[in-house]
Each structure stands twice: as structure tokens, then as C-alpha cells.
Amino acid sequence: MRMLGRLLMLCLAALPSMGSVASSSSIPPQSSPAGAAEAKPDPEALLIDIYKDLGANRLREAQVKADALVAAYPTFRLGHLVRGDLLLMHARPVRNFGAMADGPADKLKELRDEAMVRIRSLQEKPDPHLIPKAVLQVGDDQKNVLVVDTTRSRLYVYENQGGELKYLTDYYVSQGRFGANKSKSGDQRTPIGVYYVNNRIPGPKLPDFYGTGALPLSYPNEWDKRNGRSGYGIWLHGTPSDNFSRPPLSSDGCVVLANPDLQSLYSTAEVGRTVVVISQHVQFVDKSEWARQRDAASAMLEDWGQSLENADADKVLSYYSPEFRSAQGENLSTWFGRQQKSLNGARYTSVKLRDVSLFRYPGTPEDMIVSTFTQESAVGKSKNAIRKRQYWVREGSQWKIIYEGNA
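Overview of the structure. All of these numbers come straight from a predicted model, not from anything done at the bench. (Residues numbered from 1 in each chain as written. Predicted model: local features only at pLDDT ≥ 70, side-chain atom pairs only at ≥ 80, totals over all residues. Heavy atoms only, no water.)

1. As for unusual backbone geometry
Following Tyr219, the chain continues into Pro220 via a peptide bond in cis, with omega recorded as -5°. Its place among the elements puts Pro220 in the loop between strand S9 (213-216) and helix H6 (222-226). With phi around 65°, Asn57 is a residue other than glycine that occupies positive phi space. Locating Asn57 in the fold gives a position in the loop between helix H2 (43-55) and helix H3 (59-72). (Helix = DSSP H or I, 4+ residues; strand = E, 2+ residues; numbered from the N terminus.)

Shown next as C-alpha cells:
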């Protein structure tokens with residue numbers, strides 16, 4: 001067996017059995033425009049099949065699939081690299097990905113990194129019955145949620161089905177050149193946090209560099225601003241027309257997808273509603289644990305709302321952290337006094353919270369929950385509805401609000 005075959009056998013040794021792993025025959029093909037003769041094969045599934053054939057020394061089968069891959073996706077550079085290795089095997093042993101002697105070392109390394117990330121994503125593919133720990137509750141008005149794992153270079157798509165999450169699919173993504181945890185403008189890192197899609201920009205309005213479209217995100221969010229994080233222009237976007245995909249670490253901080261994958265997200269993303277959770281290490285929990293954590297967080301928020309309705313100022317105040325700061329930088333005493341003054345002695349006759357979403361915030365602090373909801377309040381015959389966002393942190397055994405403002 002050739003050296004590259006041995007290398008692939010080691011890489012693929014930890015893969016689940018073929019019965020449980022999606023392959024080119026079990027993964028739906030990429031959709032084609034209306035009128036197209038047939039759908040294209042899924043490029044990543046076909047690539048994984050090629051790896052498996054190489055690892056088993058089935059060179060003829062691998063060659064046929066590699067030819068099909070580059071024919072369907074002529075700008076898929078990793079596909080060309082693998083096909084080149086296969087052709088080279090007819091002349092001499094191949095000991096590594098990208099065996100061409102005269103290839104640019106930096107470009108070859110990037111393609112090798114992409115190959116290994118894609119293999120690892122299959123090794124570490126999450127159980128579709130598990131739920132991302134960060135997603136506690138999605139609002140009734142939210143169709144889906146996107147969860148990015150920067151370590152795995154992966155974006156997971158979940159659909160809201162009556163308040164419960166259903167795994168739909170996942171995609172390979174690229175991130176900032178210097179990894180994640182953005183802190184300042186120009187650091188070429190991808191931010192960690194909970195963000196909303198706040199615009200949709202179609203491809204024809206963008207330079208070719210951004211591919212078939214872009215979904216700008218709400219970075220910096222309230223927590224970023226409080227912590228002095230700067231920068232702007234963090235998007236989900238596609239790739240240039242001459243490049244199917246980019247290396248894992250290659251953007252200025254954006255999350256970059258292949259154009260077909262970006263288009264799938266673009267078609268369902270809703271401005272102001274679709275949430276994108278970006279984490280360095282996505283953790284998954286089973287349904288019972290998810291329900292337990294969701295119910296606890298929901299009860300916490302409902303108790304706060306009930307204290308408002310009861311007009312118990314001391315009780316309401318007890319939900320807020322001494323470290324509280326408003327969007328204007330007010331401390332708790334100043335901000336809470338202003339809230340009480342605005343009621344001018346009146347009291348709420350009813351407080352209802354609807355379209356509630358709850359997310360466990362990734363990164364630090366480890367125990368923080370961001371809640372977004374519409375608060376419908378009535379004071380006598382006067383009614384008001386306002387969209388709010390709160391950040392809750394655990395202080396000892398208690399959850400406290402450290403930020404509250406309009407969403």
C-alpha cells in the first residue's frame with residue numbers, strides 16, 4: 001500500500017462504521033437550478049469517499065470519483081490536489097497530501113489543513129439527537145438557529161419545530177486568519193458570542209470576493225461593547241467565483257462558506273430573528289438535560305416578569321447585579337431609579353413575555369445567559385410592547401441581570 005494510503009488509513013481509523021456515516025449515496029445532492037439535467041453530487045461526501053478509497057488502496061475507484069468531483073466543481077482546489085496525487089501515484093509513491101515538488105509550500109499547507117479539518121469533522125460528527133448546550137430556547141418567531149464551532153471549522157443548522165430543535169445539516173466554514181475570540185478592529189479574528197443576522201445582501205450588490213451573498217451579523221453586540229471589543233463588518237458570506245472553498249484560517253474575521261452552502265442559509269435567514277451562536281468548542285447535551293436547563297432558565301425569567309407585575313420594587317431590584325451597567329453606562333442605582341421614575345407612581349396591571357429566546361453565552365464568563373423577548377405591559381388602560389434583551393450571570397448560587405436594554 002502506498003504511503004498516502006497508510007496515512008489516510010490512520011486518519012480514517014476513528015471514523016464510525018459505514019452504516020452510520022453519511023456518504024455520497026446517503027447525503028442529499030446539491031440542488032440544481034430549475035431546468036438542470038441532474039443535481040450535482042455533494043462535494044464533501046464525495047471527497048470523503050475518495051479518502052476512504054485511498055485508505056483502502058482502491059485507486060481505480062478513487063480516481064473515478066476524483067474525476068467526477070473536479071468535473072462537477074472545477075474551482076474546488078482541494079479536489080484538484082487529491083486528483084493530482086492520484087495521477088502521480090501511477091509514476092511513484094506518494095507520501096503526503098499535495099506531493100508535487102514545485103507547489104507553493106504555504107498554499108499546499110492550507111489545502112492539507114482543509115483536508116484534515118474535513119476528515120476530522122466526520123470523525124467528530126455530533127449525534128443528530130443531541131442539542132447544542134448553548135441553545136436553551138428559541139422564540140416562536142424564529143425558524144432556525146445557526147451554531148458555529150470554530151475549532152472544528154463547522155456550522156450546524158437547527159430548525160425550530162414547535163419549540164424543539166431538529167438538526168438539519170452542517171457545513172465546512174473558514175474563519176479568521178488568527179482564529180477566534182475577536183477583541184479589536186483589524187485583529188483578523190472571528191468573534192465568540194451570540195449574534196443576530198441584521199441584513200441580507202445579495203451577490204449582485206457585492207464584489208465577487210464575497211461570493212453569492214452575505215448575511216451581516218450584529219457584532220459588536222451589547223456584551224462586546226461593554227468589554228471594549230471593537231471592529232465591524234463580521235459577515236457570513238460566500239467565496240469568489242474562482243475558488244469553491246477557502247482554507248480553515250483565511251478570513252479577516254468573517255465566517256466563510258462555499259457558495260452553495262451560503263445560498264442555503266441565505267434562503268432561510270431572517271433579519272433580526274436568525275441567531276448565529278459562535279463558539280470555540282460546541283458542547284452537546286441530550287434532550288432530557290436540555291429540557292431541564294431550558295425550564296430552569298425560563299422559570300428564572302418568568303419570576304422576574306412576575307415581580308414586575310407585582311410592583312415589588314425591592315424584589316425586582318434583587319434580580320439585578322451590583323455590576324449592572326446599562327447601554328448608556330449607567331450604574332444600577334441610576335438606571336433603576338430612572339425606570340421607577342418613568343412609571344410615575346403607577347404600577348403594572350399585567351406583564352407578559354412572548355417570543356422568548358434563551359442562549360447560554362459561549363466563552364467567558366462560563367455561566368451567562370442572554371435572553372431576548374417582547375415585554376407586553378399594561379398600566380391601567382395604557383398598553384405597551386417593547387423588545388428587550390438581558391444578560392444574566394451566575395453570582396454564587398443566584399442568577400443576576402448584568403445588562404438590560406432594548407433589542
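2. What about the pairing of strand S4 (residues 154-161)?
Within S4, six of the eight residues are buried, leaving the element largely enclosed by the surrounding structure. Summarising the sheet, strand S3 (residues 144-149) and S4 pair through six bridges and their orientation is antiparallel. Its bridge partner being in S4, Asn144 is matched across the sheet by Glu159. By the bridge criterion, eight bridges tie S4 to strand S5 (residues 164-172) in an arrangement that is antiparallel. Residue pairing across strands places Glu159 opposite Lys166, the latter belonging to S5. (Buried < 20%, exposed > 50% of the residue type's maximum accessible area, 1.4 Å probe, protein only. Pairing = 2+ DSSP bridges.)

3. Thoughts on the nonpolar core
Within the largest apolar cluster, 50 residues are counted, with the highest numbers of intra-cluster contacts made by Val145, Leu155, Leu236, Leu265 and Phe359. With residues up to four places along the chain from it excluded, the contact list for Phe359 reads Ala134, Val135, Leu136, Gln137, Val138, Val145, Val194, Val275, Val277, Met368, Ile369 and Val370. Within the second largest apolar cluster, 26 residues are counted, among which are Leu47, Phe76, Leu78 and Ala115. (Core = buried A, V, L, I, M, F, W, Y, C linked by side-chain atoms within 4.5 Å. Contact = heavy atoms within 4.5 Å.)

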